[in-house]
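In case you want the letters, here they are:
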Amino acid sequence: MTTAPHAPRQEPCPDQALLLHGLLDGELDASNALRVEAHLEGCCACAEAYARLRAERQQRRQPGLRHRAPDALRERLAAAIAAEAAGAPAAPAPLAARTAPPGRPPREGGSVRSGVLRRIGGARGGLALALAACLAVFAVLPRGLEPGEPPLPDELVSGHVRSLLAAHLTDVTNSDQHGVKPWFAGRLDFAPPVVDLADRGFSLVGGRLDYINGRVVAALVYRRRDHVINLFIWPGTAAPGGLRRDRTSREGYSLLRWVQAGLTFWAVSDLNPTELSEFEQDFAARAPA
Amino acid sequence: MADAAARFNDTVMPHLDAAYTFARYLARDRDCAEDIVHDAVLRALRSFEDYRGGDARAWLLAIVRNCFLTWAAARSKAGGAPAVRADGGTDEPAGDPWDREAVTPEAALLRRDEAAAVRTLIETLPEPFREALVLREMEDLSYRQIAEITGVPIGTVMSRLARARTMFGASWQRLLGTDAPGSGPGREHAFR
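Residues numbered from 1 in each chain as written. Chains lettered and ligands numbered in written order. Predicted model: local features only at pLDDT ≥ 70, side-chain atom pairs only at ≥ 80, totals over all residues.

- As recorded by an unreviewed UniProt entry, chain B carries the name Sigma-70 family RNA polymerase sigma factor and is attributed to Methylobacterium crusticola.
- Listed under Sequence similarities (unreviewed entry) in UniProt, the entry text for chain B is "Belongs to the sigma-70 factor family. ECF subfamily." (UniProt positions renumbered as here; feature names shortened; annotations may be inferred.)

- As annotated in an unreviewed UniProt entry, chain A is Putative zinc-finger domain-containing protein from Methylobacterium crusticola.

If you want it as structure tokens, here you go:
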């Protein structure tokens, strides 16, 4: 841009700049939206840039910016559609008459048009557009995240971050396993095991319901030092590759999955992977096999 | 045939204002926009049998865009000023209208009429950026729909939108700026 800087405007962080637009347009998936929102909480430059983007969009949304089709055009089109319906030859398109170079048939003007129109107007284009319109949800993947990876880990990290951000760590706060376990009864169609691991250095904080992968799941919350562990539990042992146990990481969070007694467990934490592994072993040892 | 026409009237014609708005921002000319929309609607009518459901507005806007490109290509072939490159890429920002007009009565009028000022700022954006911004904010299309219509990857849609907003923001800030028009670095030519 050749424009000179006016007021000193703080630029947003380079790695967030595009994401701010994704957030503004509602095109980020839940976990990225949360991540950017979390960033906005702590970064003045980005928060200011985002506020400015919103304000300027408001400017562009004021009444008077959209145009209304002229009545004369409306009437001409209505007549043309009626004529076409009656089988009469429609009047030639005004553009062809007005813009075609002399001596050339008007319908051949412009290779751009013929190529693109065939694509758009043709059955394949119609299908592609229809398909695109049917894809209601679209997530913009940030760099570094491979497309095609199951979105479940992202969703789990979202659940974990959400529980921390919204200060909604637990619905039932009780360090006693015998207080937490009955709370789930009647709220879930399965009974998640709740075990006491205080002597192993993992204190039970409580439990809550969460919503993962289109179903209500149990989330147990444990804590080691300042690190929170969310343990998501739901029935079923379906897993990619049929592995009984695997691990991954997302955005600095460790995720660890295992299956036991017909239930799937996902532990999510910013705890280091080694300690999260300890947690899994301790939990699995005490939960009913 | 009458059935098809009735279905067309129900499905496509409600989006006439959207088509006209898009054409106005693309062509930046009232009469040409009218012709472009007229042509586009007739084309849509003739290929309506290929329409397979989905968002009729996005479908119509794609046709409007093609008619605009036809018009722009023909105009530049006829010796007029090129409106847009065939690939839709004009990467240099157009001149800043406020540099030239800041001291004219029109500019003063624009400053009083905010909607007109915003409209002018949008119309000043280079074509691919203007197009992305209008499709997103006036027509409320998703990134994916815009990518489909303009034939570029979604990442390009995203960066064009970001660029369009940055350019708009810079012009808007300058318009609101408290400094005297024409002052400041890079504006010396306004005094010549």
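## Description of the overall build of chain B
Reasoning step 1: Summing up its helical and strand segments, chain B has ten helices and zero strands in all.
Reasoning step 2: Mapped in sequence order, the helices and strands of chain B form the string α-α-α-α-α-α-α-α-α-α.
Reasoning step 3: Within chain B, buried positions represent 48% of all 192 residues.
Reasoning step 4: The contacts of chain B with a sequence gap of at least 6 include a subset with a gap of at least 24, amounting to 67%. (Helix = DSSP H or I, 4+ residues; strand = E, 2+ residues; numbered from the N terminus. Buried ≥ 20, exposed ≤ 12 C-beta atoms within 10 Å, placed from the backbone. Contact = placed C-beta atoms within 7 Å.)

## Looking at the packing of helix H1 (residues 17-24) of chain A against helix H2 (residues 30-42) of chain A
Residue and element names in this part refer to chain A.
Reasoning step 1: For the pair H1 and H2, the least separation of the axes is 10 Å and the interaxial angle reads 115°. Helix-helix and strand crossings are classified by hand; for H1 and H2 the assignment is left-handed. Seen from H1, the contacting residues are Leu 19, Leu 20 and Leu 23; seen from H2, they are Asn 32, Ala 33 and Val 36.
Reasoning step 2: Of the residues belonging to the contact of H1 with H2, the class tally is five nonpolar, one polar and no charged. (Axes fitted to C-alpha atoms, helices over the stretch in contact; angles between N-to-C directions. Left-handed = near helix turned anticlockwise from the far one by under 90°. Nonpolar A, V, L, I, M, F, W, Y, C, P; charged D, E, K, R; others polar.)

## Describing the sheet that holds strand S3 (residues 215-224) of chain A
Residues and elements named next belong to chain A.
Reasoning step 1: Pairing is antiparallel across the open sheet formed by seven strands, whose spatial order is S1-S2-S3-S4-S7-S6-S5. In this open sheet, the two strands that pair with only one neighbour each are strand S1 (172-173) and strand S5 (245-250).
Reasoning step 2: With respect to the sheet, helix H9 (residues 177-184) is in contact with S1, strand S2 (203-212) and S3, its orientation differing from that of S2 by roughly 15°.
Reasoning step 3: On the sheet, helix H10 (residues 273-286) packs against S3, strand S4 (227-235), S5, strand S6 (253-260) and strand S7 (263-269) and is oriented at approximately 20° with respect to S6. (Pairing = 2+ DSSP bridges.)

## Section: the pairing of S3(A)
Successive residues of a regular strand alternate their side chains across the two faces of the sheet.
Residue and element names in this part refer to chain A.
Reasoning step 1: As paired strands, S2 and S3 are joined by nine bridges and run antiparallel to one another. Its bridge partner lying in S3, Tyr 211 is registered against Val 216.
Reasoning step 2: In terms of strand pairing, S3 meets S4 through seven bridges, oriented antiparallel. Opposite Val 221, over in S4, you have Asn 230 as the bridge partner.
Reasoning step 3: Between S3 and S4, which pair antiparallel and follow one another directly, the connecting turn spans two residues, one of which, Arg 225, has a positive phi of 50°.

## Details of the pairing of S7(A)
Residue and element names in this part refer to chain A.
Reasoning step 1: Counting buried residues in S7 gives five out of seven residues, a clear majority hidden from the surface.
Reasoning step 2: Across seven bridges, S4 lies against S7 in antiparallel orientation. Across the sheet, residue Phe 232 finds its bridge partner in S7, namely Trp 266.
Reasoning step 3: Two successive antiparallel strands, S6 and S7, enclose a turn made up of two residues, where Ala 261 displays a positive phi of approximately 55°.

## Quick word on the nonpolar core
Residue and element names in this part refer to chain B.
Reasoning step 1: Ala 23, Ile 36 and Val 64 are the most contacted members of the largest nonpolar core, which has 61 residues in total.
Reasoning step 2: Of all the secondary structure elements, the ones that give two or more residues to this core are helix H2 (16-27), helix H3 (30-46), helix H4 (56-77), helix H7 (114-124), helix H8 (127-138), helix H9 (143-150) and helix H10 (154-176).
Reasoning step 3: Among the elements that take part in this core, H4 stands out by supplying 15 residues, more than any other.
Reasoning step 4: When residues of this core are sorted by domain, at least three fall in each of domain 1 (2-77) and domain 2 (97-191).
Reasoning step 5: In this view, Val 64 contacts Ala 19, Phe 22, Ala 23, Ile 36, Val 37 and Ala 40; residues no more than four positions away in its chain are not counted. (Core = buried A, V, L, I, M, F, W, Y, C linked by C-beta atoms within 7 Å. Domains from an automatic or database assignment.)

## Re the UniProt feature "domain: Putative zinc-finger" (unreviewed entry) in chain A
Reasoning step 1: Here the UniProt feature "domain: Putative zinc-finger" (unreviewed entry) sits at residues 19-46 of chain A.
Reasoning step 2: This span, residues 19-46 of chain A, is 79% helix and 0% strand, and a straight line between its end C-alpha atoms measures 10 Å.

## Quick word on the confidence of the model for chain A
All names here are of chain A.
Reasoning step 1: For chain A, per-residue confidence averages 74 on the pLDDT scale, and 72% of positions sit at 70 or higher.
Reasoning step 2: Model confidence for chain A, summarised as mean pLDDT per element, is weakest for helix H6 (residues 111-121) at 36 and strongest for S7 at 93.
Reasoning step 3: Across residues 1-7, where pLDDT falls below 50, the model places 16 contacts with residues more than four positions away in sequence or in other chains.
Reasoning step 4: Confidence drops under a pLDDT of 50 for residues 97-150, and excluding neighbours within four residues, the segment shows 75 contacts in the predicted structure. (pLDDT = per-residue confidence, 0-100.)

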